Amino acid sequence: MIRFILFALTFNFALFSQSLKPIPTTDGTKFFFKNQFDFDVTSVSIAGNFNNWNKNEFKMKYSDKVILWSGVVKLIPGIEFHYKLVINDSLWITDPNAPDVTEDEWRNGIIIAQEYGVPFIKEMFPPNNKRIEEIDSVSITLGTYDSKINPKSIRVAFNDSEIAYNYDSTLEKISFQVPNSIEDGEHKIFLSFADEKENQNEGIITKFFLDRYIHSITTPKFFDSSIMYEIYIRKFYDSDGDGTGDFNGLTKKLDYLTFLGINSLWLMPWNESTTEHGYNVVDYYSIDQEYGTFEDYLNFLREAKRRGIKVLFDFVINHTDSTHPYFLNAYKNPSSSYTKWYQFVNEENSNWKHFGVERKMPKLDFENPEVRNYFIKVAKFWMDPNGDGDFEDGIDGFRCDAAKEVPHSFWNTLRKEIKSINPEVLLLGEVWDNANFLIPFFKEEFDMQFDYPFYYSLERFFERNEIERFSSKILEASQIYPSGFQMVRFLSNHDNPRPINFMRNNHIKLKQALTILFSLPGTPMIYYGDELGYSGTLPPENVRQQFDWDKLDKSVSDESSIFNFYKKLIEIRRNNFELSGRHDRAQETLIFLKEKSNNLLVYLRRIEKNKTLVVINNSEKNISEIELQLDEATIKILESTNNGVVLLSSNQTNAKKEVPLQIVGNSLFLQRFSLEAGGYILLKIK
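Residues numbered from 1 in each chain as written. Predicted model: local features only at pLDDT ≥ 70, side-chain atom pairs only at ≥ 80, totals over all residues. Heavy atoms only, no water.

> Summarise unusual backbone geometry; cite the residues concerned and give the values.
With omega at 0°, the peptide bond leading from phenylalanine 125 into proline 126 counts as cis. Within the secondary structure layout, proline 126 lies in the loop between β11 (120–125) and β12 (130–132). Cis peptide bonds are those with omega within 30 degrees of zero, and the linkage from leucine 538 to proline 539 qualifies with 15°. Positionally, proline 539 belongs in the loop between β31 (523–527) and α13 (549–557). (Helix = DSSP H or I, 4+ residues; strand = E, 2+ residues; numbered from the N terminus.)

If you want it as structure tokens, here you go:
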């Protein structure tokens, strides 16, 4: 959402560092900024998910005495917030003094607000929620205000067991050795302590993910060649005229989805909810009444399976709605049996941790085994509602919402439970972050994840034509993820701009981007309405439009429509199976080739003797002589090559045209063939 906007404006502050971290005060958390720019700073403000990224609410003040900007924001203690500083009302920057920074594209500052007067953690290794590749010991430096730590008050537990530690009273530093038997995966540290004035820190839980070994994973092969389609049921097709899309409407339009070439569906939440989008769940065993009855749902599922279409359930378990019966039972009722189901932050149960800025989305506590067991049962129910062991009435996979908000240990347990029942059920994680952050979620957790690193790399490629950077980012996945991994690649979804807006309203680049999407490894995903050329930017309500069935009829009959471009790409991918082959540590199906002028993105998809060459001209030049430089391994793959047949081209006169190919030395020449600026070609090599 706002993060997408911020990314383009983020300034890299790695050039200098400051020691002006935010501090608790009696009025709130105080932030600081010292100007290190070579231009005048006339205003600084603080914006974050605590105020919906409003840059005008919290303004800093400048002090001539200390030559420093400072400002106070009242934050709820114990809750993690993300934020940025806004310079001169336009430049969004990562706070150089932030206690921590997200590892994603946005580089937001991270702060967990502390209560004034309570002793706190200054620094620690490993950092909270970070992936590390090796560890011998843990070190934690404590801090106080106008007192000292009481050594007798310190209690430390590692993975729920008390552990011996050393304490340096001069440095106020705790350290302990990690057991030699420690396994890869998520590990938990609990720490409580007090100062000499009896100010008590009741307890802090931090986690880290140890990742020393790369293992293979077994994942459903169906999704290698799948074309996924995301649907907002409410806006897709209304079968009864009440103004709301429903399951009977979905059933009626399954033939359309088959016609387009879709064979897997991700449906936005269908449980009872207080919000239209469905991500505030009230009952996890229910069907939203506006979507129809349970029998309507089962009939839809039967008809989808009959057509070979797999259906994914949107598993929203990081939080419930604030009107969920369990939350209502615990709200302002500390004696409730559901108090420990949620993350309340005061003794009265009147304040709680929640998802982002949404107080109506109280976060569940997965440290509680009752919560874990409950959602395992929910998952099993949707796999087999009548419990007869026949999965014909069950979903084919789970799209796990906000997966990084839920502990790794739960996803690990879920995988073991689900896969023991039906190994072909897909576990798809929404981890909106960079590649390094995605790695742990493949460690016996998810089969597949949304490829946000690809999404942002594609954006940069079309902005700057950085060919080598783009290709290395794509290949990175096969180098750092375990063999067997799968990715969903996309140009839009219900939280991102429509593809044409993502491509800055450039229709030429949109077709190039789609060509890339449907010719790379991974499962391509279409967000409903994209195939009609819908436009829309954030906020999300603007990209969740009603599907226009009248427009579809016109698009189908128009050979030049974006709909028919989508359909053509899907047909090509289906008919040339090398385009959907996995590319991982176990098998190489993707080879990037260097083009002599360095203006073209070129890659080869191949499985055995099946080969397709993809060429994208994202430059502003027409390239009349295409010469590709080959290494010895690629020469061997192409040694019997004589010609290529055009499967798809930006120049319609090239349709089904044969292109002579010639290898001379270490070069492959595409003879009598040119590619205009903004051009693209899929060339089947014979």
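That was the structure; now back to the text.
> How would you sum up the sheet that holds strand β6 (residues 68–73)? Please name residues and give values.
On the basis of which strands lie adjacent, the open sheet formed by four strands has the order β1-β2-β6-β5 and antiparallel pairing. Two strands close off the open sheet at either side, each with one partner strand: β1 (23–25) and β5 (61–63). Across the sheet, the axes of successive neighbouring strands diverge by a mean angle of 35°, strand direction being ignored. Pairing between β1 and strand β2 (residues 28–33): three bridges, direction antiparallel. The partner of threonine 25 across the bridge, within β2, is glycine 28. (Pairing = 2+ DSSP bridges. Axes fitted to C-alpha atoms, helices over the stretch in contact; angles between N-to-C directions.)

> Requested: an account of the packing of aromatic side chains, with residues and values cited.
Under the criterion given, the structure shown has 80 aromatic pairs. Seen from their ring centres, phenylalanine 450 and phenylalanine 490 are 6.1 Å apart, and the 75° between their planes marks the pair as edge-to-face. Taken together, the residues span a long stretch of sequence, with phenylalanine 450 in strand β29 (residues 448–450) and phenylalanine 490 in strand β30 (residues 486–490) at a distance of 40 residues. The same class applies to phenylalanine 450 and to phenylalanine 490, which are both buried. The positively charged end of lysine 253 is found above the aromatic ring belonging to tyrosine 237, 4.5 Å away from the centroid. Of note, lysine 567 hangs over the ring of phenylalanine 259, and the distance from its end group to the ring centre comes to 4.5 Å. (Phe/Tyr/Trp six-rings, centres within 6.5 Å; stacked < 30°, edge-to-face > 60°. Buried < 20%, exposed > 50% of the residue type's maximum accessible area, 1.4 Å probe, protein only. Lys NZ or Arg CZ within 6 Å of the ring centre and 35° of its normal.)

Function cannot be inferred from these measures alone, as they are strictly geometric.
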